[in-house]
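Topology and contacts: notes
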Amino acid sequence: MLVLVLTALFGAAFSAELDPSLTEWRLVTKDQERIKFPLRDYILEVKAFLPDEYDTNPPYAELFRTDKSTTMMLMLHAGSWQKSVGRLVWNTIKYDRGFDVNVEECNARYQAYKSFPAGGKKEQIWAWNFNQDDVELTCDGELQYSQHFDEGEVNPRKPGLPQSCRALGNADVDRITFRHMEGYYIRGLPMDNNKGTTPPPVKPTTKKITTAKPTTKQPTTEASITTVTPDSDDSDYDIEYPTCDCWTPECGYCTNMECTVKQDLATSDRGIQVTSKLRRKRENSIVLFDEDANEIGKFQWNLRGIWLTGCITCMTPVHLRRAKADEGQTTWSFSIKDGIVRITINGEHLYEHALIGECKERYAQAKRFAFYDMTCENTFSYTPSEMEAGDRITPDCAGTCSEQKYY
C-alpha cells in the first residue's frame with residue numbers, strides 16, 4: 001500500500017489514470033513535488049492563499065523571479081519526467097505592471113489578469129482547464145487568462161514561437177512537477193463531471209447561444225438610460241457609443257448576445273467605424289459571430305500586426321502605421337464585404353486582403369460583432385440603418401462606463 005501511495009505522489013506509476021485520492025484536496029508538502037496527472041482528462045484545481053504581505057509594484061527585476069511568495073509554477077511532462085513540454089507561471093496577486101501569468105510556450109511576455117484574484121480574499125481556488133484548442137485559467141470561477149494554441153505570440157527574441165504553442169496543445173500531458181506551492185492544495189476534476197466547482201466560461205465556438213431580441217428597457221429613475229431600436233426618422237445619422245468590452249461576467253465572457261451589435265458585415269460597405277488610440281502593444285479587437293450566435297473569429301490589429309483568426313497574420317504596413325493621428329485617437333474602419341478585409345482611414349483603404357476558400361466562406365457568415373478587451377475611452381459609430389444593438393450596448397455600457405464622457 002505504501003508503494004502505491006508513493007508512486008501516485010512521485011510519478012513512478014506507469015498508468016495515466018489519476019490516483020482516485022487526488023479527486024479530493026491533497027496538500028503539497030514540498031517546494032518541488034512530482035505527481036502523475038493526466039491534464040487532458042482532468043481540470044487541475046489549486047487552492048492557494050494570498051500572502052499577508054505583498055507588493056504589487058516591486059522593483060522590475062523582482063517581477064521575473066519565479067520563487068516569490070506570490071508565484072506558482074507547473075512544469076508539464078509527457079510520457080516521462082525527462083520530457084518537458086510546457087511551463088506555466090502565475091501569481092496570487094495582480095501586479096501593477098501586468099506580470100501576472102505566463103505560458104512559456106505561447107507567450108513572449110507575461111500577461112495581465114482581468115482583475116485582482118478572488119477579489120482580494122485570502123483563499124483562492126484556481127483552475128487550469130486544457131481544452132483541445134485552448135487553455136483557460138480561472139480564479140473562483142472568474143476567467144483571468146486564456147490562450148488559443150493556434151494564436152501564440154510571434155517574437156524574434158523568443159525562437160520557436162508560435163509553433164511551440166501548438167505543440168503544447170497537442171502534447172499528451174500525463175505528469176506535472178509542482179514548484180513553489182508548498183502548503184497549497186491540489187485536486188483533479190474529471191472534464192465530464194466537474195459539478196464540484198463553478199466551471200470556466202464556455203466559448204461561443206463550443207456552445208450555441210440563444211439570442212434574445214432587443215427590448216426596450218424601462219427607466220427606473222430620471223437619470224436612467226432607455227435602450228431602444230432607433231426609429232426610422234433617426235436612421236440618417238450615427239450615434240457614438242463606447243466600445244463596450246464583452247469579456248466580462250455580465251456579458252458571459254462574450255457569449256451574451258445582448259452585448260453584441262447585429263450587422264451583416266458581408267454586405268456592408270462601411271463596416272465598423274472605431275475611434276481609438278493606436279498603439280504598438282495593445283490590440284484593437286473585434287469578435288465576430290455568425291447568425292446562430294457562434295463565435296467565428298476575432299479581428300485584431302495594432303501598429304505592429306494584423307490578425308484574423310485562422311486566416312491572417314501579418315505585419316502592419318508602413319503607410320497604415322503612418323496614417324495614425326499625431327496625438328490622441330484615430331478614426332478607422334474595418335470591413336469584410338465580399339471577402340475583402342479592409343482597414344480604412346480618412347476614406348482611404350490602407351490595408352486590403354482578399355480571403356479565399358474556407359476563410360472566405362467562414363467570414364461571409366459574420367452577422368454580429370462585439371468588442372473585446374477595449375476600454376470605454378474608445379468609441380464606435382452606431383448606424384441605425386444597418387445595425388441593431390443588444391440591450392447592453394448603451395451610452396454607458398449598461399452601467400460599466402461613466403456615461404458623462406460621451407455627451
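Below is a short write-up of the structure. From a predicted model like this one, the values you see are computed outputs, not experimental measurements.

1. Section: the pairing of strand β8 (residues 134–139)
With 6 of 6 residues buried, β8 is to be regarded as a mostly interior element. Residues D134, E136 and T138 point to one face of β8 and V135, L137 and C139 to the other, with burial holding for every one of them. Sheet topology note: the strand β7 (residues 123–130)/β8 ladder contains 5 bridges and is antiparallel. In the strand pairing of β8, N129 is matched with E136. Judged from the 6 bridges that link them, β8 and strand β9 (residues 142–148) form a sheet pairing that is antiparallel. When the bridges of β9 are listed, V135 appears paired with Q147.

2. Quick look at the environment of W25
Checked against the element boundaries, W25 lands in the loop between α1 (2–10) and β1 (26–27). With relative accessibility at 27%, the residue W25 sits in the partly exposed group. For W25 and G188, which are 163 residues apart along the polypeptide, the C-alpha to C-alpha distance reads 8.4 Å.

3. Regarding the state of the cysteines
Applying the stated criterion to the full structure yields 5 disulfides. Here C244 pairs with C397 through a disulfide, and the sulfurs are 2.0 Å apart. Here the disulfide of C244 and C397 is left-handed, its torsion about the S-S bond being about -90°. Of this pair, C244 sits in the loop between β12 (239–242) and β13 (261–262) while C397 is found in the segment after β24 (388–389), placing the two residues 153 residues apart along the sequence. With respect to burial, C244 and C397 carry one shared label: buried. Note on cysteine connectivity: C251 is disulfide-linked to C259, with sulfurs 2.0 Å apart. Residues C251 and C259 are joined by a disulfide whose S-S torsion is about -90°; by sign, that bridge is left-handed. A single burial state applies to C251 and to C259, both of which are buried.

4. Digging into the sheet that holds strand β17 (residues 305–308)
In spatial order, the strands read β18-β17-β16-β15-β22-β13-β24; together these 7 strands make up an open sheet with antiparallel pairing. Either end of the sheet is taken by a strand with one partner, and the two such strands are β18 (312–315) and β24. Here 6 bridges tie strand β15 (residues 284–289) to strand β16 (residues 295–301), and the two strands are oriented antiparallel to one another. Its bridge partner being in β16, L288 is matched across the sheet by G297.

Calculation criteria
- Here the residue index of a chain counts from 1 through its sequence in written order.
- Note on the predicted model: pLDDT of at least 70 is required for a residue's local features to be given, and 80 or more for side-chain atom pairs to be given and counted; whole-chain, interface and lining totals, by contrast, use all residues.
- As a rule here, side-chain values cover all heavy atoms of the structure and leave hydrogens and water aside.
- Only protein chains enter the accessibility calculation, which uses a 1.4 Å probe; a residue whose area is less than 20% of its type maximum is buried, one above 50% is exposed, and one in between is partly exposed.
- Runs of E in the DSSP output that reach at least two residues are strands. Runs of H or I that reach at least four are helices, and both are numbered from the N terminus.
- Strands pair, by our definition, only if DSSP identifies at least two bridges between them.
- Note on disulfides: each one is a pair of cysteine sulfur atoms within 2.5 Å.

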